[in-house]
Amino acid sequence: MPRGSAGLHAVRHALDALGCWRLREWAETARVAGEAPVLVWDALKETGAWGELAEHDRAGLYWCLADGHRISMGWPLSVSAEEYRGPITALCSDVAYFASRCDPAGEVAWWPEADGERSDHGSRAVELLRRYEKLPVLWRAAVLRRVHSTRRAVLIAGPPMHRSYPSFVEVLDWAADRAERGVAPPEPDYQELRTVDGPELVKRIGELPEGWQVEAVRRVAAGGEPVAVESGARDAIGTVRSYGVLAGGAEGDAASLCP
(Lines give C-alpha, C1' and ligand atoms only; values in the text may rest on other atoms or scores of the structure.)
Protein backbone atom coordinates (compact mmCIF):
# COMPACT_ATOMS: atom_id res chain seq x y z
CA MET A 1 0.00 0.00 0.00
CA PRO A 2 1.08 3.66 -0.34
CA ARG A 3 3.50 4.68 2.38
CA GLY A 4 2.35 5.86 5.76
CA SER A 5 -0.53 8.22 5.21
CA ALA A 6 -4.01 6.94 6.00
CA GLY A 7 -5.25 9.64 3.64
CA LEU A 8 -3.38 8.07 0.73
CA HIS A 9 -4.94 4.70 1.53
CA ALA A 10 -8.36 6.35 1.29
CA VAL A 11 -7.44 7.93 -2.05
CA ARG A 12 -6.34 4.56 -3.41
CA HIS A 13 -9.62 2.95 -2.35
CA ALA A 14 -11.57 5.79 -4.00
CA LEU A 15 -9.67 5.35 -7.28
CA ASP A 16 -10.29 1.60 -7.19
CA ALA A 17 -14.01 2.27 -6.77
CA LEU A 18 -14.06 4.76 -9.65
CA GLY A 19 -12.15 2.32 -11.81
CA CYS A 20 -15.17 0.01 -11.88
CA TRP A 21 -17.85 2.69 -11.77
CA ARG A 22 -19.99 1.03 -14.46
CA LEU A 23 -20.57 -1.90 -12.09
CA ARG A 24 -21.77 0.31 -9.25
CA GLU A 25 -24.94 2.18 -8.45
CA TRP A 26 -24.68 5.73 -9.76
CA ALA A 27 -25.35 7.21 -6.31
CA GLU A 28 -22.20 5.47 -5.01
CA THR A 29 -20.14 6.56 -8.00
CA ALA A 30 -21.33 10.15 -7.61
CA ARG A 31 -20.44 10.14 -3.93
CA VAL A 32 -16.92 8.80 -4.54
CA ALA A 33 -16.32 11.20 -7.45
CA GLY A 34 -17.11 14.11 -5.17
CA GLU A 35 -15.02 12.77 -2.29
CA ALA A 36 -11.87 11.62 -4.13
CA PRO A 37 -10.49 15.13 -4.88
CA VAL A 38 -11.19 16.22 -1.29
CA LEU A 39 -9.35 13.15 -0.01
CA VAL A 40 -6.29 13.88 -2.12
CA TRP A 41 -6.38 17.55 -1.13
CA ASP A 42 -6.38 16.48 2.53
CA ALA A 43 -3.50 14.07 1.81
CA LEU A 44 -1.49 16.84 0.17
CA LYS A 45 -1.83 18.95 3.30
CA GLU A 46 -1.28 16.00 5.66
CA THR A 47 2.01 15.01 4.00
CA GLY A 48 3.26 18.57 3.52
CA ALA A 49 3.24 18.22 -0.26
CA TRP A 50 0.72 21.06 -0.62
CA GLY A 51 3.38 23.62 0.28
CA GLU A 52 5.63 22.28 -2.48
CA LEU A 53 3.09 22.64 -5.29
CA ALA A 54 3.50 25.39 -7.87
CA GLU A 55 0.62 27.83 -8.20
CA HIS A 56 -0.53 26.20 -11.44
CA ASP A 57 -0.63 22.80 -9.74
CA ARG A 58 -2.70 24.26 -6.92
CA ALA A 59 -5.08 25.65 -9.54
CA GLY A 60 -5.17 22.17 -11.09
CA LEU A 61 -6.12 20.64 -7.75
CA TYR A 62 -8.92 23.16 -7.26
CA TRP A 63 -10.10 22.46 -10.81
CA CYS A 64 -10.08 18.76 -9.93
CA LEU A 65 -12.27 19.53 -6.89
CA ALA A 66 -14.74 21.31 -9.17
CA ASP A 67 -14.74 18.45 -11.69
CA GLY A 68 -15.49 15.95 -8.95
CA HIS A 69 -18.28 18.14 -7.62
CA ARG A 70 -19.82 18.45 -11.09
CA ILE A 71 -19.77 14.68 -11.62
CA SER A 72 -21.24 14.14 -8.16
CA MET A 73 -24.21 16.33 -9.09
CA GLY A 74 -25.07 14.21 -12.16
CA TRP A 75 -28.69 13.16 -12.17
CA PRO A 76 -28.96 9.33 -12.16
CA LEU A 77 -31.67 9.16 -14.81
CA SER A 78 -29.50 11.00 -17.33
CA VAL A 79 -26.30 9.01 -16.79
CA SER A 80 -24.74 7.38 -19.83
CA ALA A 81 -21.39 5.65 -20.22
CA GLU A 82 -20.41 7.89 -23.11
CA GLU A 83 -21.22 11.07 -21.22
CA TYR A 84 -19.31 10.19 -18.07
CA ARG A 85 -16.50 7.96 -19.29
CA GLY A 86 -14.22 10.85 -20.28
CA PRO A 87 -14.82 13.03 -17.19
CA ILE A 88 -14.38 10.11 -14.77
CA THR A 89 -11.20 8.94 -16.51
CA ALA A 90 -9.80 12.48 -16.42
CA LEU A 91 -10.78 12.85 -12.75
CA CYS A 92 -8.98 9.61 -11.86
CA SER A 93 -5.87 10.77 -13.70
CA ASP A 94 -5.85 14.10 -11.86
CA VAL A 95 -6.46 12.56 -8.43
CA ALA A 96 -3.73 9.97 -9.02
CA TYR A 97 -1.29 12.67 -10.14
CA PHE A 98 -1.77 14.65 -6.95
CA ALA A 99 -1.57 11.47 -4.87
CA SER A 100 1.75 10.69 -6.54
CA ARG A 101 3.02 14.09 -5.42
CA CYS A 102 2.41 12.95 -1.84
CA ASP A 103 3.97 9.55 -2.45
CA PRO A 104 6.87 9.85 -4.93
CA ALA A 105 8.33 6.47 -3.96
CA GLY A 106 5.11 4.70 -4.88
CA GLU A 107 4.21 6.72 -7.98
CA VAL A 108 4.55 3.97 -10.57
CA ALA A 109 3.31 1.08 -8.47
CA TRP A 110 0.35 2.67 -6.72
CA TRP A 111 -0.81 5.48 -9.00
CA PRO A 112 -0.93 4.00 -12.52
CA GLU A 113 -3.78 6.33 -13.51
CA ALA A 114 -1.45 9.34 -13.20
CA ASP A 115 0.06 10.97 -16.26
CA GLY A 116 3.80 10.55 -15.73
CA GLU A 117 4.51 13.65 -17.82
CA ARG A 118 2.03 15.94 -16.04
CA SER A 119 4.73 17.87 -14.15
CA ASP A 120 6.70 18.42 -17.34
CA HIS A 121 3.56 19.58 -19.14
CA GLY A 122 2.89 22.07 -16.35
CA SER A 123 6.40 23.47 -16.57
CA ARG A 124 6.05 23.66 -20.35
CA ALA A 125 2.77 25.54 -19.95
CA VAL A 126 4.57 28.26 -17.98
CA GLU A 127 6.81 28.86 -20.99
CA LEU A 128 3.92 28.64 -23.46
CA LEU A 129 1.99 31.26 -21.50
CA ARG A 130 5.03 33.54 -21.54
CA ARG A 131 5.32 33.18 -25.32
CA TYR A 132 1.58 33.75 -25.79
CA GLU A 133 1.67 36.90 -23.64
CA LYS A 134 4.54 38.34 -25.71
CA LEU A 135 2.30 38.43 -28.77
CA PRO A 136 0.28 41.56 -29.59
CA VAL A 137 -3.32 41.28 -28.41
CA LEU A 138 -4.71 40.83 -31.93
CA TRP A 139 -2.29 37.98 -32.57
CA ARG A 140 -3.28 36.35 -29.27
CA ALA A 141 -6.88 36.55 -30.46
CA ALA A 142 -5.86 34.98 -33.78
CA VAL A 143 -4.14 32.11 -31.95
CA LEU A 144 -7.22 31.36 -29.86
CA ARG A 145 -9.53 31.62 -32.89
CA ARG A 146 -7.42 29.22 -34.92
CA VAL A 147 -7.13 26.67 -32.12
CA HIS A 148 -10.88 26.96 -31.48
CA SER A 149 -11.95 26.67 -35.11
CA THR A 150 -9.70 23.72 -36.00
CA ARG A 151 -10.69 21.68 -32.95
CA ARG A 152 -14.34 22.51 -33.42
CA ALA A 153 -14.16 21.37 -37.06
CA VAL A 154 -12.68 18.01 -36.04
CA LEU A 155 -15.32 17.59 -33.33
CA ILE A 156 -18.13 18.29 -35.79
CA ALA A 157 -16.65 15.91 -38.38
CA GLY A 158 -16.81 13.05 -35.87
CA PRO A 159 -14.85 9.77 -35.76
CA PRO A 160 -15.49 8.64 -39.37
CA MET A 161 -13.84 11.83 -40.68
CA HIS A 162 -11.46 12.22 -37.78
CA ARG A 163 -8.55 14.45 -38.71
CA SER A 164 -5.60 15.78 -36.82
CA TYR A 165 -5.44 19.45 -35.97
CA PRO A 166 -2.47 21.76 -35.40
CA SER A 167 -1.19 21.73 -31.83
CA PHE A 168 -1.25 24.82 -29.66
CA VAL A 169 2.55 24.99 -29.98
CA GLU A 170 2.33 24.90 -33.79
CA VAL A 171 -0.26 27.68 -33.83
CA LEU A 172 1.86 29.70 -31.42
CA ASP A 173 4.91 29.23 -33.67
CA TRP A 174 2.84 30.33 -36.67
CA ALA A 175 1.70 33.49 -34.90
CA ALA A 176 5.09 34.36 -33.43
CA ASP A 177 6.82 34.05 -36.81
CA ARG A 178 4.35 36.35 -38.54
CA ALA A 179 4.16 38.83 -35.69
CA GLU A 180 7.97 39.17 -35.66
CA ARG A 181 7.89 39.90 -39.39
CA GLY A 182 5.27 42.58 -38.90
CA VAL A 183 2.50 40.65 -40.66
CA ALA A 184 -1.01 41.61 -39.60
CA PRO A 185 -3.14 38.81 -38.15
CA PRO A 186 -5.79 37.35 -40.46
CA GLU A 187 -9.32 38.66 -40.13
CA PRO A 188 -11.78 36.18 -38.58
CA ASP A 189 -14.04 34.42 -41.05
CA TYR A 190 -17.82 34.30 -40.71
CA GLN A 191 -17.86 31.01 -38.79
CA GLU A 192 -15.26 32.23 -36.32
CA LEU A 193 -17.19 35.45 -35.73
CA ARG A 194 -20.28 33.36 -34.94
CA THR A 195 -18.57 31.03 -32.46
CA VAL A 196 -15.76 32.92 -30.71
CA ASP A 197 -14.97 36.53 -29.85
CA GLY A 198 -11.17 36.44 -29.97
CA PRO A 199 -10.35 39.72 -28.20
CA GLU A 200 -12.95 39.05 -25.50
CA LEU A 201 -11.54 35.55 -24.93
CA VAL A 202 -8.03 37.03 -24.63
CA LYS A 203 -9.37 39.47 -22.04
CA ARG A 204 -11.19 36.80 -20.04
CA ILE A 205 -8.20 34.46 -19.93
CA GLY A 206 -5.98 37.38 -18.93
CA GLU A 207 -8.28 38.13 -16.01
CA LEU A 208 -7.75 34.69 -14.47
CA PRO A 209 -5.23 34.42 -11.62
CA GLU A 210 -1.79 33.56 -13.00
CA GLY A 211 -1.74 29.97 -11.78
CA TRP A 212 -5.12 29.39 -13.40
CA GLN A 213 -3.84 30.88 -16.66
CA VAL A 214 -0.96 28.40 -16.68
CA GLU A 215 -3.32 25.50 -15.97
CA ALA A 216 -5.67 26.73 -18.71
CA VAL A 217 -2.77 26.79 -21.18
CA ARG A 218 -1.75 23.28 -20.11
CA ARG A 219 -5.27 22.06 -20.84
CA VAL A 220 -5.43 23.80 -24.20
CA ALA A 221 -2.00 22.41 -25.13
CA ALA A 222 -3.30 18.95 -24.18
CA GLY A 223 -6.16 19.29 -26.68
CA GLY A 224 -8.73 21.38 -24.86
CA GLU A 225 -10.90 23.86 -26.74
CA PRO A 226 -10.06 27.42 -25.54
CA VAL A 227 -13.63 28.66 -25.05
CA ALA A 228 -14.55 25.56 -23.04
CA VAL A 229 -11.33 25.72 -21.01
CA GLU A 230 -11.82 29.38 -20.09
CA SER A 231 -15.44 28.74 -19.16
CA GLY A 232 -14.39 25.69 -17.16
CA ALA A 233 -11.83 27.75 -15.24
CA ARG A 234 -14.46 30.28 -14.20
CA ASP A 235 -16.91 27.53 -13.25
CA ALA A 236 -14.15 25.88 -11.19
CA ILE A 237 -13.35 29.13 -9.39
CA GLY A 238 -17.03 29.51 -8.56
CA THR A 239 -17.12 25.99 -7.15
CA VAL A 240 -13.94 26.64 -5.16
CA ARG A 241 -15.73 29.50 -3.45
CA SER A 242 -18.29 26.97 -2.25
CA TYR A 243 -15.60 24.50 -1.24
CA GLY A 244 -14.08 27.20 0.93
CA VAL A 245 -17.13 26.74 3.10
CA LEU A 246 -18.02 23.09 2.51
CA ALA A 247 -14.54 21.64 2.96
CA GLY A 248 -13.98 23.45 6.25
CA GLY A 249 -10.90 25.41 7.23
CA ALA A 250 -9.97 26.42 3.69
CA GLU A 251 -12.19 29.41 3.11
CA GLY A 252 -9.37 31.96 2.96
CA ASP A 253 -7.21 29.66 0.84
CA ALA A 254 -9.94 29.20 -1.76
CA ALA A 255 -11.15 32.78 -1.73
CA SER A 256 -7.63 34.07 -2.44
CA LEU A 257 -7.72 32.38 -5.86
CA CYS A 258 -10.88 34.12 -6.96
CA PRO A 259 -10.65 37.37 -8.90
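Details of the structure are given in the entry above.
All values derive from a computational prediction rather than experimental measurement. (Residues numbered from 1 in each chain as written. Predicted model: local features only at pLDDT ≥ 70, side-chain atom pairs only at ≥ 80, totals over all residues. Heavy atoms only, no water.)

Enquirer: Which residues make up the overall build of the protein, and what values do they have?
Expert: Within the protein, the regular secondary structure consists of 13 helices and zero strands. A total of 259 residues make up the protein; the buried ones form 45% of that total. Residue pairs in contact within the protein that sit at least 24 positions apart in sequence constitute 73% of those at least 6 positions apart. (Helix = DSSP H or I, 4+ residues; strand = E, 2+ residues; numbered from the N terminus. Buried < 20%, exposed > 50% of the residue type's maximum accessible area, 1.4 Å probe, protein only. Contact = heavy atoms within 4.5 Å.)

Enquirer: Lay out the layout of surface pockets with the relevant residues and their values.
Expert: Approximately 860 Å³ is the volume attributed to the largest pocket. When contributions to the lining of the largest pocket are tallied by element, the ones reaching two or more residues are α3 (55–72), α4 (81–102), α6 (118–134), α8 (168–180), α11 (210–221) and α12 (226–246). For the lining of the largest pocket, the leading source of residues is α4, giving nine residues. Class assignment for the residues of the lining of the largest pocket results in 14 nonpolar, six polar and 10 charged. (1 Å grid on protein atoms, 1.4 Å probe; cavity = no way out; pocket = protein on both sides within 12 Å on 5 of 7 lines; lining within 4 Å. Points joined across faces, edges and corners; volume = space filled by probe spheres on them. Nonpolar A, V, L, I, M, F, W, Y, C, P; charged D, E, K, R; others polar.)

Enquirer: Report on the packing of aromatic side chains, specifying residues and quantitative values.
Expert: All chains considered together, the criterion is met by eight aromatic pairs. Arranged with centres 4.7 Å apart and planes meeting at 55°, the rings of Trp 26 and Tyr 84 form a pair that is tilted. Taken together, the residues span a long stretch of sequence, with Trp 26 in helix α2 (residues 26–47) and Tyr 84 in helix α4 at a distance of 58 residues. Considered together, Trp 26 and Tyr 84 belong to a single accessibility category, that of buried residues. Cluster of aromatic residues (ring-pair linked, three or more members): Trp 21, Trp 26 and Tyr 84. (Phe/Tyr/Trp six-rings, centres within 6.5 Å; stacked < 30°, edge-to-face > 60°.)

Enquirer: Lay out the packing of α3 against α11 with the relevant residues and their values.
Expert: Relative orientation of the contacting elements α3 and α11 amounts to 70°, with a least axis distance of 7 Å. Looking at the two axes, α3 sits roughly perpendicular to α11. Between α3 and α11, the residues in contact are Glu 55, His 56, Ala 59, Gly 60, Tyr 62, Trp 63 and Asp 67 and Gly 211, Trp 212, Val 214, Glu 215, Ala 216 and Arg 219, respectively. Its residues placed into classes, the contact of α3 with α11 shows six nonpolar, three polar and four charged. (Axes fitted to C-alpha atoms, helices over the stretch in contact; angles between N-to-C directions. Parallel < 35°, antiparallel > 145°, perpendicular 65-115°, else oblique.)

By themselves these figures say nothing about function.
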